[in-house]
Amino acid sequence: MLGNGVVGILSESVNKWERRAPLTHSHCARLLHGKETGVTRIIVQPSTKRIHHDSLYEDVGCEISEDLSECGLVVGIKQPKLDMVLPDRAYAFFSHTHKAQKENMPLLDKILAERVSLYDYELIVGDNDRRLLAFGQYAGRAGLIDFLSGLGQRYLSLGYSTPFLSLAASYMYPSLAAAKAAVISVGEEIATLGLPPGICPIVFVFTGSGNVSHGAQEIFKLLPHTFVEPSELPRLFEKENDLTKAAGKLKRVFKVYGCVVTSKDMVEHKDPTKPFDKEDYYSHPEHYNPVFHEKIAPYASVIVNCMYWERRFPRLLTSQQLQDLMRKGCPLVGISDITCDVGGSFEFVNQSTTIDSPFLRYDPESNSYHQGMEGNGVICLAVDILPTEFAKEASQHFGDILSQFISTLASTTDLTKLPAHLKRACIAHGGSLTPLYGYIPRMRNSDIEDTSDNLANGHSHKRKYNILVSLSGHLFDKFLINEALDIIEAAGGSFHLVKCQVGQSTSAVSYSELEVGADDQAVLDQIIDSLSSIAHPSENHGTLSGGLNKISFRIGRLQERSEDKVGNSMEIKKVLILGAGRVCQPAAALLASIGSISSRQWYKTLVQTDSEEQIDHVHVIVASLFLKDAEEIVEGIPNTTAVQLDVKDHENLYKYISEVEVVVSLLPASFHLIVANTCIELKKHLVTASYVDDSMSMLDEKAKSAGITILGEMGLDPGIDHMMAMKIINEAHARHGKVKSFASYCGGLPSPAAANNPLAYKFSWNPAGAIKVGCNPATYRSRGETIDIKGEDLYDSAVKFRIPDLPAFALECFPNRNSLVYGKVYEIEDEASTIFRGTLRYEGFSEIMGTLTKIGLFNSEAHPVLEHEIRATFRYFLCDLLKIDSEARNGGPIGEEEIAQRIVELGHCKELGTATKAAKTILFLGFLDQTEVPASCQNAFALTCHRMEERLSYSDTEEDMVLLHDEIEIEFPESKCTENHTATLLEFGRTKNGKMVSAMALTVGVPAAIGALLLLTNKIKSRGVLRPIEPEVYEPGLEILQAYGIKLMEKSR
């Protein structure tokens, strides 16, 4: 039966609210009707509550039946009832057994008795050791929406009407998009009408930085908001009070505040001379005092808990601490305990709540619990099945990943033929535990309660010599517990488990205490020495703790063994990436993946023969002026190190560059010269994505003398555009053709779904650079005539543009700087009558931006209204700019129609339709808000950039888009024929490990990384200052781009 290609889908029976499915009907359709999937049938147990109706599964060819006896593989979400476990089959679900959880051992016994192959989703991890199958972000999203709904009701019971009151619970919306739209609507009301001053500032404190926290923050960011550092919380409250006093009356507040805290903000070392150390804290929490109740909680309106808690760590809040806080007037209204640790982080959250009754109210004064919003205390949400509230999206997300593994799981009978990530996830097979999980019976056989009682009574499972050892680290998810127990038993010792606390996520450590015994002191010493050898390499071997007969070890990552590399020495290269912007993450991820499973396919395109230079491993150092930024870039990427570096500090720059083979500078162009000169001095290759300007070109001879390559313009535009164009041009020249016309168009745009504002445009970084593009003069050649466009006329020169193969995109383009330079670079200046490079936007963008320019919103000169000590409001500034009367400046009625009419009256545009579009944009950007303009905004340009960065940024789930399109006309004099060639790149942002990676970051960062890789493997032989216009760069470069998943379309006619 095992491996017969028949898949069964369980009907979830654990909870009435469980509506998720491991595979949707669309996933089933692909598995049943795709090529070589290995799946012959899918049998679905009927369910009247599953998010996708049975009929949808039937429509795609699934069978509906309670009987799964013909299925070789059965998949579900939660664990099935014991009587549903059939013999000699494979099952996949969240089993919660691999840490020997006592409550789930009957299930494991049943699995073993029935000779079942058990695959646990929790154990399927990628190259970066992150779980591939999880619902954390959906828990965060649903948890915050549910809480915002209750928050509106709670504030109403306290006498305040807020926009939150219009929100419903997550499950009441037909989709996540509909729920988000409702939150956005609430945000618009807050931005327009404000919040009651009596409850402001409203501060949301988010604990943790994992997927759950990211999901909750994603919803929070739909509201008008500002994030503050934990250290800034006291000042925030002082500032709000100062503003109220200065105004002489209570002022409504038009945004909410967020603050993200991690363990370093929750505790302090008992020794004031010692800083917080995360690893030390996880191993020795007794060395730290809790401070969350003193430094964070007093300023929180809402605490959103996204961190799992373990008993050996201090709580966030005890019942007594909450009572003290409330007596002092703490503004805390409620707690959204998304992790639902009953009696955990919050001592007083002593019960879970349900989706249909999500809140309880705790009164700390009387230490009592109540239903309903009326009365004293704080409201608490602690629902343990939140992701199912967005069952449709959660199932789609889960099935997108699981469906990739179904073919293998459904057709496999031999575990040894499974890929490593699935083999590792198999807990049991053929009636036995797989070797990685051999520790489970040993953990079960050691009775914790009995051992604890014996120790308390002064007895132990006596050997002549005994000692209590504590182990902390990734004991179970990295299988370090196996090695520890093997060491003890192999030496002839014994152990009994005294305490075991397992981490509740892949990022959390576990903790175990073992009574280790031996009949010979030398044997016990040997065991301790051996345990210390697998401890974290930066730690001492073992330390006696507080005079007790107890040794603590910190277990670190074991050295990974690769079957493919046994007996071979590894070729390890190092690359230094300078900068920590969004572009750095894709570059670091590509380079650090060399040697991993995920890199094998695309890496083959680079190294095609055994004789070519190969790299087994690349270690990437990411350096930034601020260490925190570099750490965020490398988070979750193996083989990386984050460091702090100021490139103006020559000594440190010299130090880091000397340690690597290649440097990738993703810093602003003004810093490249400093880096380049150091690379020349140390004879290290350099890659940048920036234009090769005159100062960089002058380094050509020095670079050649040093024997190094400085590869510039290795990004998107410039970069991929060069490679696409030169491939076509050089091939044409090789056939004796001549380029008659060359046109290249490029634009970074929102995807159609994200183009949801009047400009149909968004910024993925500071908008200043993109806005300045519209102020640059431009020159190009058209049919033999040179055309010059002044900067102030650039937007007026925009024309409608369509791509025949992409008819759905209504675009426009305007010229991009001096196109004639590329006639020289591509060696076509003497043959092409048209040379044009253009910037792409959605149609209508230029007429709006041109009007905003004429109004003066991009004026960089100091504005008198913004120079006063008393700060003007955005409304006041706009009214001054449009010369609107004082009543409107101070809050009088004014709207879209009045603004549009005024724009026409002032002569900024002639057509009312265009003025109306501009007015809609002005309103969308919040220029009628009564909030004060920040002091940093001294001119209209800075103010508009500030507003655009706030209002035209991407949400965490929105995709951007990059479109690059070349049109090249080639004439062949000998045959007197003409060919028209096109090359197109269309790339969208991607979600990876729960995070959105923008298309712009991908298409700039990946080429830069490819440039480094070509230099590491000596594919680029030329030395000096280069662009990617030579075959040795663009031929392998384009191949790797394609293999890496960035698709290029080339056509000719």
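Residues numbered from 1 in each chain as written. Predicted model: local features only at pLDDT ≥ 70, side-chain atom pairs only at ≥ 80, totals over all residues. Heavy atoms only, no water.

## Structural notes on the overall build of the chain
Part 1 of the reasoning: Assigned secondary structure in the chain consists of 35 helices and 41 strands.
Part 2 of the reasoning: Relative to its 1053 residues, the chain shows a buried fraction of 55%.
Part 3 of the reasoning: For the chain, the proportion of contacts with a sequence separation of at least 24, taken over those separated by at least 6, is 70%.
Part 4 of the reasoning: Surface exposure of the chain reaches about 44,900 Å², of which carbon and sulfur atoms provide 49%. (Helix = DSSP H or I, 4+ residues; strand = E, 2+ residues; numbered from the N terminus. Buried < 20%, exposed > 50% of the residue type's maximum accessible area, 1.4 Å probe, protein only. Contact = heavy atoms within 4.5 Å. Areas by Shrake-Rupley, 256 points an atom, 1.4 Å probe, with all protein chains shown as cover.)

## Here we look at the sheet that holds strand 28 (residues 685-688)
The pairing of strands in a sheet happens through backbone hydrogen bonds and is either parallel or antiparallel.
Part 1 of the reasoning: If you walk across this open sheet you meet the 7 strands as 26-25-24-27-28-29-40, and the pairing is parallel. Of all the strands in the sheet, just strand 26 (640-644) and strand 40 (1024-1026) have a single pairing partner and so form its edges. Neighbour-to-neighbour, the strand axes of the sheet open up by a mean angle of 20°, direction not taken into account.
Part 2 of the reasoning: Bridge count for strand 29 (residues 709-711) against strand 40 is 3 bridges, and the pairing is parallel. Its bridge partner being in strand 40, Leu 711 is matched across the sheet by Leu 1026.
Part 3 of the reasoning: Against the sheet, helix 34 (residues 999-1016) contacts strand 24 (572-578), strand 25 (617-624), strand 27 (662-665), strand 28 and strand 29, and its axis sits at roughly 160° relative to strand 28. (Pairing = 2+ DSSP bridges. Axes fitted to C-alpha atoms, helices over the stretch in contact; angles between N-to-C directions.)

## Topic: helix 34
Part 1 of the reasoning: Counted at 1.5 Å a residue, the expected span for helix 34 with its 18 residues is 26 Å, and the 25 Å between its end C-alpha atoms agrees.
Part 2 of the reasoning: For helix 34, the tally of buried residues reaches 18 of 18 residues, placing the bulk of the element in the interior.
Part 3 of the reasoning: The positive-phi residue at the C-terminal boundary of helix 34 is Asn 1018, with phi of around 60°. (Expected span 1.5 Å × (residues − 1).)

## Observations concerning the sheet that holds strand 2 (residues 41-44)
Part 1 of the reasoning: Read from one edge of the open sheet, 8 strands run 3-2-1-4-5-6-17-18, paired in mixed fashion. Edge strands, defined here as strands with exactly one partner in the open sheet, are strand 3 (63-64) and strand 18 (432-433).
Part 2 of the reasoning: Where strand 4 (residues 73-75) lies against strand 5 (residues 90-93), 3 bridges are found, and the strand directions are parallel. Following the sheet pairing, Leu 73 is matched in strand 5 by Ala 90.
Part 3 of the reasoning: The strands that helix 12 (residues 391-411) touches are strand 1 (6-9), strand 4 and strand 6 (117-120); relative to strand 4, the one it contacts most, it runs at about 145°.

## A look at the pairing of strand 17 (residues 426-429)
Part 1 of the reasoning: As defined by bridge partners, strand 6 adjoins strand 17 across 2 bridges and the pair is classed as antiparallel. Pairing of Tyr 119 across the sheet is with Cys 426, part of strand 17.
Part 2 of the reasoning: The pairing of strand 17 with strand 18 spans 2 bridges and is antiparallel. Considered in strand 18, the bridge of Ala 428 is made with Leu 433.
Part 3 of the reasoning: If you look at the hairpin formed by strand 17 and strand 18, you'll find 2 residues sitting between the two strands, and Gly 430 has a positive phi there, around 60°.

## Some thoughts on the environment of Lys 800
Part 1 of the reasoning: In this structure, Lys 800 sits in strand 33 (residues 799-803).
Part 2 of the reasoning: A relative accessible area of 59% places Lys 800 in the exposed class.
Part 3 of the reasoning: For the pair Lys 800 and Leu 840, spaced 40 residues apart in the sequence, the C-alpha separation amounts to 9.8 Å.
Part 4 of the reasoning: Not counting residues within four places of it along the chain, the set of residues in contact with Lys 800 comprises Leu 811, Glu 812 and Glu 843.

## A short note on the packing of helix 31 (residues 896-905) against helix 32 (residues 912-924)
The relative placement of two packed helices is expressed as an angle between their axes plus a distance between the axes.
Part 1 of the reasoning: Packing of helix 31 against helix 32 brings their axes to within 8 Å, and their N-to-C directions diverge by 125°. When the interaxial angle is binned, helix 31 and helix 32 end up oblique. For the element pair helix 31 and helix 32, the recorded crossing hand is right-handed. Residue-level inspection shows Glu 896, Ile 899, Ala 900, Gln 901, Ile 903 and Val 904 of helix 31 in contact with helix 32, the latter providing Leu 912, Ala 915, Thr 916, Ala 918, Ala 919, Lys 920, Ile 922 and Leu 923.
Part 2 of the reasoning: Looking at the contact of helix 31 with helix 32 residue by residue, the class counts come to 10 nonpolar, 2 polar and 2 charged. (Parallel < 35°, antiparallel > 145°, perpendicular 65-115°, else oblique. Left-handed = near helix turned anticlockwise from the far one by under 90°. Nonpolar A, V, L, I, M, F, W, Y, C, P; charged D, E, K, R; others polar.)

## Observations regarding the environment of Val 865
Part 1 of the reasoning: Locating Val 865 in the fold gives a position in the loop between helix 28 (845-855) and helix 29 (874-881).
Part 2 of the reasoning: Sequence-wise, Val 865 and Asn 939 are 74 residues apart; in three dimensions their C-alpha atoms are separated by 8.9 Å.
Part 3 of the reasoning: Not counting residues up to four positions away in its chain, the partners in contact with Val 865 are Ala 872, Tyr 876, Phe 877 and Asp 880.

## Let's talk about the pairing of strand 6
Part 1 of the reasoning: Residues Ser 117 and Tyr 119 of strand 6 are buried on one face, and the alternating residues Leu 118 and Asp 120, pointing to the opposite face, are buried as well.
Part 2 of the reasoning: Note that strand 5 and strand 6 share 4 bridges and pair parallel. The partner of Phe 93 across the bridge, within strand 6, is Asp 120.
Part 3 of the reasoning: With respect to chirality, the unit in which strand 5 leads through helix 3 (residues 105-113) into the neighbouring parallel strand 6 is right-handed. (Right-handed = clockwise from strand over helix to strand, strands pointing away.)

## A word on unusual backbone geometry
Part 1 of the reasoning: Of the consecutive residues Cys 200 and Pro 201, the connecting peptide bond is found in the cis state with omega at 0°.
Part 2 of the reasoning: Along the chain, Asp 717 connects to Pro 718 via a cis peptide bond; the corresponding omega equals 15°.
Part 3 of the reasoning: Mapping Pro 718 onto the fold places it in the loop between strand 29 and helix 25 (720-734).
Part 4 of the reasoning: One non-glycine residue with positive phi stands out, namely Arg 783, at about 50°.
Part 5 of the reasoning: You can see Arg 783 is positioned in the loop between strand 31 (778-782) and strand 32 (785-789).
Part 6 of the reasoning: Not every positive phi belongs to a glycine, and Arg 817 is a case in point at roughly 55°.
Part 7 of the reasoning: When its relative accessible area of 45% is taken as the criterion, Arg 817 is described as partly exposed.

## Concerning the packing of aromatic side chains
Two aromatic rings are characterised by how far apart their centres lie and by the angle between their planes.
Part 1 of the reasoning: Per the stated rule, a full pass over the model turns up 31 aromatic pairs.
Part 2 of the reasoning: When the centroid spacing of 5.3 Å and the interplanar angle of 55° are considered together, the rings of Tyr 761 and Phe 845 count as tilted. Separated by 84 residues along the polypeptide, Tyr 761 in the loop between strand 30 (738-750) and helix 26 (768-773) and Phe 845 in helix 28 bring together distant segments of the chain. Of the two residues, Tyr 761 and Phe 845, both sit in the buried class.
Part 3 of the reasoning: Cluster of aromatic residues (ring-pair linked, three or more members): Phe 276, Tyr 281, Tyr 282, Tyr 288 and Phe 313.
Part 4 of the reasoning: The cationic tip of Lys 655 hangs over the ring face of Tyr 656; the distance from NZ or CZ to the ring centre is 4.0 Å. (Phe/Tyr/Trp six-rings, centres within 6.5 Å; stacked < 30°, edge-to-face > 60°. Lys NZ or Arg CZ within 6 Å of the ring centre and 35° of its normal.)

## As for the nonpolar core
A general feature of soluble globular proteins is that nonpolar side chains tend to end up buried together.
Part 1 of the reasoning: Counting 124 residues, the largest nonpolar core has Ile 42, Phe 164 and Phe 204 as the members making the most contacts within it.
Part 2 of the reasoning: The greatest single-element share of this core, amounting to 9 residues, is contributed by helix 4 (residues 136-157).
Part 3 of the reasoning: Look past the residues within four positions of Phe 164 in its chain and what remains in contact with it is Leu 148, Ser 149, Leu 151, Gly 152, Val 186, Ile 190, Leu 195, Ile 202, Leu 223 and Val 256.
Part 4 of the reasoning: Within the second largest apolar cluster, 76 residues are counted, among which are Ala 587, Ala 1008, Ala 1012 and Ile 1020. (Core = buried A, V, L, I, M, F, W, Y, C linked by side-chain atoms within 4.5 Å.)

## Looking at the side chain of Thr 688
Part 1 of the reasoning: Position of Thr 688 relative to the elements: it lies in strand 28.
Part 2 of the reasoning: The class for Thr 688 is buried, based on a relative accessible area of 4%.
Part 3 of the reasoning: In this structure, Thr 688 is in contact with Ser 665, His 672, Leu 711, Gly 712, Glu 713 and Met 714, ignoring residues within four places of it in sequence.

## Digging into the side chain of Lys 684
Part 1 of the reasoning: Mapping Lys 684 onto the fold places it in the loop between helix 22 (672-682) and strand 28.
Part 2 of the reasoning: Although buried, Lys 684 forms no salt bridge, and the nearest oppositely charged side chain, Glu 661, lies 5.7 Å from it.
Part 3 of the reasoning: Of the polar contacts made by the side chain of Lys 684, one reaches the backbone oxygen of Val 660; its length is 2.9 Å.
Part 4 of the reasoning: Apart from residues lying up to four places away in sequence, Lys 684 is in contact with Ile 657, Ser 658, Val 660, Glu 661, Cys 679 and Ile 708. (Lys, Arg positive; Asp, Glu negative; His and termini not counted. Salt bridge = Lys/Arg side-chain N within 4 Å of Asp/Glu carboxyl O. Polar contact = N/O pair within 3.5 Å; in protein donor to acceptor, adjacent residues only side chain to side chain.)

## Remarks on the pattern of salt bridges
Any two side chains of opposite charge can pair if their charged atoms end up close together.
Part 1 of the reasoning: Applying the stated criterion across every chain yields a total of 34 salt bridges.
Part 2 of the reasoning: In this structure, Lys 655 and Glu 659 form a salt bridge, with 3.5 Å as the shortest nitrogen-oxygen distance.
Part 3 of the reasoning: Its salt-bridge partner being Lys 920, residue Glu 896 comes within 3.3 Å of it at the nearest N-O pair. Taken together, the positions of Glu 896 in helix 31 and Lys 920 in helix 32 put the pair 24 residues apart, joining distant regions of the chain.
Part 4 of the reasoning: Accessibility expressed as a relative area gives 27% for Glu 896, which makes it partly exposed.
Part 5 of the reasoning: Within this structure, Asp 929, Arg 947, Glu 950 and Arg 951 form a network of salt bridges that share partners.

## Examining helix 28
Part 1 of the reasoning: Extensive coverage of helix 28 is indicated by the burial of 8 of its 11 residues.
Part 2 of the reasoning: Listed in full, the buried residues belonging to helix 28 are Phe 845, Ser 846, Ile 848, Met 849, Gly 850, Thr 851, Leu 852 and Ile 855.
Part 3 of the reasoning: Summarising the contacts, the buried residues of helix 28 are in contact with strand 34 (806-815), strand 35 (834-842), helix 29, helix 31, helix 32 and helix 33 (940-951).
Part 4 of the reasoning: Of the residues flanking the end of helix 28, it is Gly 856, one or two places downstream, whose phi is positive at about 110°.

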